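Residue-level listing of the chains:
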Amino acid sequence: MVMKKRRRRLKLVLVSLMVLVILGLIGFGLVAWLIPVPPMADIQRCQQALSEAKQKGAEEYATKLYREAEYNYEKGMREWKYQNEKFCLSRNYDSLKNIINLAKVKADSASVISSKLKLSLKDLIELEVKSIQSYINEFTNIYANLPMSAALRKNFTKGQMLISESKEVYERGDLQGAADKLKTGKNLIMKINKDVEKMLKGYLENLPKWQKWVDETIEWSKKNKESAIVVDKMSQLCIVYKNGKIKQQFRAEFGKNWLGDKRYKGDKATPEGRYQIIKKLGPKYTKYYKALLINYPNSEDKDEFAREIRNGSLPKWSKIGNLIEIHGNGGKGINWTNGCVALSDSDMDKLFEYANVGTPVTIVGSLKSFSELKEPYN
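Rules behind the numbers
Residues numbered from 1 in each chain as written. Predicted model: local features only at pLDDT ≥ 70, side-chain atom pairs only at ≥ 80, totals over all residues. Heavy atoms only, no water. pLDDT = per-residue confidence, 0-100. Helix = DSSP H or I, 4+ residues; strand = E, 2+ residues; numbered from the N terminus. Pairing = 2+ DSSP bridges. Axes fitted to C-alpha atoms, helices over the stretch in contact; angles between N-to-C directions. Parallel < 35°, antiparallel > 145°, perpendicular 65-115°, else oblique. Left-handed = near helix turned anticlockwise from the far one by under 90°. Nonpolar A, V, L, I, M, F, W, Y, C, P; charged D, E, K, R; others polar. Phe/Tyr/Trp six-rings, centres within 6.5 Å; stacked < 30°, edge-to-face > 60°. Buried < 20%, exposed > 50% of the residue type's maximum accessible area, 1.4 Å probe, protein only. Lys NZ or Arg CZ within 6 Å of the ring centre and 35° of its normal.

A.B. asks: Before we move on, could you go through the confidence of the model for the chain and cite the residues and values that matter?
C.D. replies: Model confidence for the chain is summarised by a mean pLDDT of 86, while 88% of its residues fall at 70 or above. Ranking the elements of the chain by mean pLDDT puts helix α1 (residues 2-34) last with 58 and strand β8 (residues 360-364) first with 98.

Structure below.
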């Protein structure tokens, strides 16, 4: 009898315990169900969106949007921490979810904008490179041989270096850095080209006068059935006419400052005007192999020199130049004389056969207009 009572009690205790466990589990589950859960999936998606935006260069190409996305994400993290510090049942993650989703939207937008800007910037850079190359070609083909200041040449070299650096930066994927260097280099090269173009156009205003001189020289050759020499400084040519027709053309080199007429002794400029050969000098009589001395300065040169002294364009102590020749020892590939016209020795041999005392020598700046000079490179 006693045993039966004990068994009933034990059974009752076990049942009670089981009921309590079940009730505890139900209560725990109910509490767990009632506790708000943070939006982890939304947070992970936002983190992924921020990462992708950064990879696409949003920090650089969509800075404002990317910073707003980062700001909202950090704000969301603060909200998350704030809610976690509350009693579990009083937490509310709705605000966190809204903030995080807004951050994701901004990060996604930053990615899209960055991708588009990078593509357009890439196209722009490629177009700019082609455009700049045309300016470089123009300088190299038309202006490089013109006398200009060391500062201008230095700046042109600097512009070329910036273009070269922009290509290296571009290949590393830094499109904005490449665009910035490209812009600076292009502006520098364009300014130099503009300055030199202005100088050259001003010089070529004398073209009608030069063309008249040459036409008269050719007509003289035709009428007198004699040789005449025309020197075109821009084309670097010494042209021999016979009976009004071209017989020979030689490459010529001039004074270092050949762009412009000779003004005074020592300016290293080659004169422009209509002259005559007054002396033929063989190898024993000149250090330049052979030479043809011309009558510079002529009366027009002397009048112009005097006028510049009077109006103060030249200092009173200036002296007029002299001893201008067409001589040998040329073929150096640079303009190096003190004002003379230099030909290679072999070309001087040929020129000597045509030249005599009294042979006209007409020296001009150019026989082509500015547009004609540019035409082969357009």
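Don't stop here, the text continues.
A.B. asks: Residue-level account of the sheet that holds β8, with values.
C.D. replies: If you trace the 8 strands from one edge of the open sheet to the other, you get β3-β2-β1-β8-β4-β5-β6-β7, paired in mixed fashion. Of all strands in the sheet, those bounded by a partner on one side alone are β3 (245-251) and β7 (341-342). Pairing analysis gives 6 bridges linking strand β2 (residues 237-242) to β3, with the strands arranged antiparallel. In the sheet register, Val240 faces β3, and the bridge partner there is Gln248.

A.B. asks: For the packing of helix α6 (residues 150-171) against helix α7 (residues 175-203), give the residues involved together with the corresponding values.
C.D. replies: At a closest axis distance of 8 Å, the pairing of α6 and α7 adopts a crossing angle of 155°. Considering their axes alone, α6 and α7 lie roughly antiparallel with respect to each other. At the point where α6 passes α7, the crossing takes the left-handed sense. Here the contact of α6 with α7 is composed, by residue class, of 13 nonpolar, 8 polar and 4 charged.

A.B. asks: Describe the packing of aromatic side chains, and please don't skip the residues or the numbers.
C.D. replies: By the definition in use, this model includes 6 aromatic pairs. Plain terms: the ring middles of Phe139 and Phe156 are 3.7 Å apart, the flat faces sit at 15° to each other, and that makes the pair stacked. Of this pair, Phe139 sits in helix α5 (residues 94-143) while Phe156 sits in helix α6, placing them 17 residues apart in sequence. Judged on exposure class, the residue Phe139 and its partner Phe156 are both buried. Relative to Trp336, the ring of Tyr288 lies with its centre 6.3 Å away and its plane at 50°, an arrangement referred to as tilted. Placement of the pair is Tyr288 in the loop between β4 (273-281) and β5 (291-294) and Trp336 in the loop between β6 (325-327) and β7, with a sequence separation of 48 residues. What makes Trp336 partly exposed here is its relative accessible area of 24%. By the ring-pair criterion, three or more aromatic residues cluster together here, those being Phe139, Tyr143 and Phe156. Sitting over the face of the ring of Phe352, Lys280 holds its NZ or CZ atom 4.7 Å from the ring centroid.

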